[in-house]
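Analysis of the macromolecular model
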Amino acid sequence: TGGVTGTASVAFIPLAPYTVSVVAQPAILPADGASRALLTATVTDRYAHAVADGTPVTWTATLGIVSPLAATTTAGQVTATFTVGRTPGRAAVIVTAGQVRGIAWLDVSARVYLPLVLRQ
């Protein structure tokens, strides 16, 4: 009796980048100079909310190249492609957003895996 009800709109304003996580798919590639991995970076603020659309992100890599080298987030995410070089080893893909970085490791193998075919 006598209560008041109402509605209010609340706008969440994303804060500056606080964490960057990076996933490479696949994470194992042959050192053939042509194989590729899809990279996805997720950038969140200190409360684990996606950063604002248009937040600038840069990519760097070892043992291969990343394209594009710079992009902007949409819903806290950004994608790129890693093209492996011909040197085997452990490749690092580093993503920078503001003052924070994330890293993904890819195994670049000199071995070529062929399917096993059994003949009868």
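The present account deals with the structure reproduced in this document. Because the structure is predicted, anything quoted here is derived from the model rather than measured.

Section: the overall build of the protein
Helix and strand counts for the protein stand at zero helices and nine strands. The secondary structure elements of the protein, listed N-terminal to C-terminal, are β-β-β-β-β-β-β-β-β. Compactness check: the protein gives a C-alpha radius of gyration of 21 Å against a globular reference of 14 Å for 120 residues, more than 25% above the reference. The principal-axis extent of the C-alpha atoms belonging to the protein is close to 85 × 40 × 20 Å. Buried positions account for 31% of the 120 residues belonging to the protein. Put simply, 55% of the contacts in the protein that link residues at least 6 apart link residues at least 24 apart.

Observations regarding the nonpolar core
In this structure, Leu39, Trp59, Phe82 and Leu106 are the most contacted members of the largest nonpolar core, which totals 26 residues. Mapped onto this core, the elements with two or more residues apiece are strand E1 (19-25), strand E3 (36-44), strand E4 (56-61), strand E7 (77-84), strand E8 (89-97) and strand E9 (100-109). What Leu39 contacts, discounting residues up to four positions off in sequence, is Val23, Ala24, Trp59, Val66, Val78, Thr79, Ala80, Thr81, Phe82 and Val93.

Let's talk about the sheet that holds strand E6 (residues 70-72)
As summarised here, the arrangement of the five strands in space is E2-E9-E8-E4-E6, forming an open sheet in which the pairing is mixed. Of all the strands in the sheet, just strand E2 (28-30) and E6 have a single pairing partner and so form its edges. Here the strands of the sheet are splayed against their neighbours by 30 degrees on average, with no regard to which way each runs. Strand direction decides the pairing type here: E4 and E8, joined by four bridges, are antiparallel. Looking at the pairing, Trp59 lines up with Val95 of E8.

What to know about the side chain of Thr55
With respect to the helices and strands, the residue Thr55 is situated in the loop between E3 and E4. A relative accessible area of 12% places Thr55 in the buried class. A polar side-chain atom of Thr55 sits 2.6 Å from the main-chain carbonyl oxygen of Ala52.

Things to note about the side chain of Thr44
Assignment of secondary structure puts Thr44 in strand E3. Given a relative accessible area of 14%, Thr44 falls into the buried group. Of the polar contacts made by the side chain of Thr44, one reaches the side chain of Thr19; its length is 2.4 Å. Not counting chain neighbours up to four residues away, the residues in contact with Thr44 comprise Ala16, Pro17, Tyr18, Thr19, His49, Ala50 and Val51.

Considering unusual backbone geometry
A negative phi holds for most residues other than glycine; trans holds for most peptide bonds. Between Gln25 and Pro26 the backbone carries a cis peptide bond, its omega angle lying at 0 degrees. Here Pro26 shows up in the loop between E1 and E2. At the junction of Ser67 and Pro68, the peptide bond is cis and its omega measures out at -5 degrees in the coordinates. Positive phi, close to 65 degrees, is recorded for Ala48, a residue that is not glycine. Here Ala48 lies in the loop between E3 and E4. A relative accessible area of 60% means that Ala48 is categorised as exposed. If you check the backbone angles, Ala75 has positive phi at about 55 degrees while not being a glycine. Within the fold, Ala75 resides in the loop between E6 and E7. The exposed category is assigned to Ala75, whose relative accessible area is 57%.

Parameters and conventions
Residues numbered from 1 in each chain as written. Predicted model: local features only at pLDDT ≥ 70, side-chain atom pairs only at ≥ 80, totals over all residues. Heavy atoms only, no water. Helix = DSSP H or I, 4+ residues; strand = E, 2+ residues; numbered from the N terminus. Rg over C-alpha atoms; globule rule 2.2 N^0.38 Å. Buried < 20%, exposed > 50% of the residue type's maximum accessible area, 1.4 Å probe, protein only. Contact = heavy atoms within 4.5 Å. Core = buried A, V, L, I, M, F, W, Y, C linked by side-chain atoms within 4.5 Å. Pairing = 2+ DSSP bridges. Axes fitted to C-alpha atoms, helices over the stretch in contact; angles between N-to-C directions. Polar contact = N/O pair within 3.5 Å; in protein donor to acceptor, adjacent residues only side chain to side chain.

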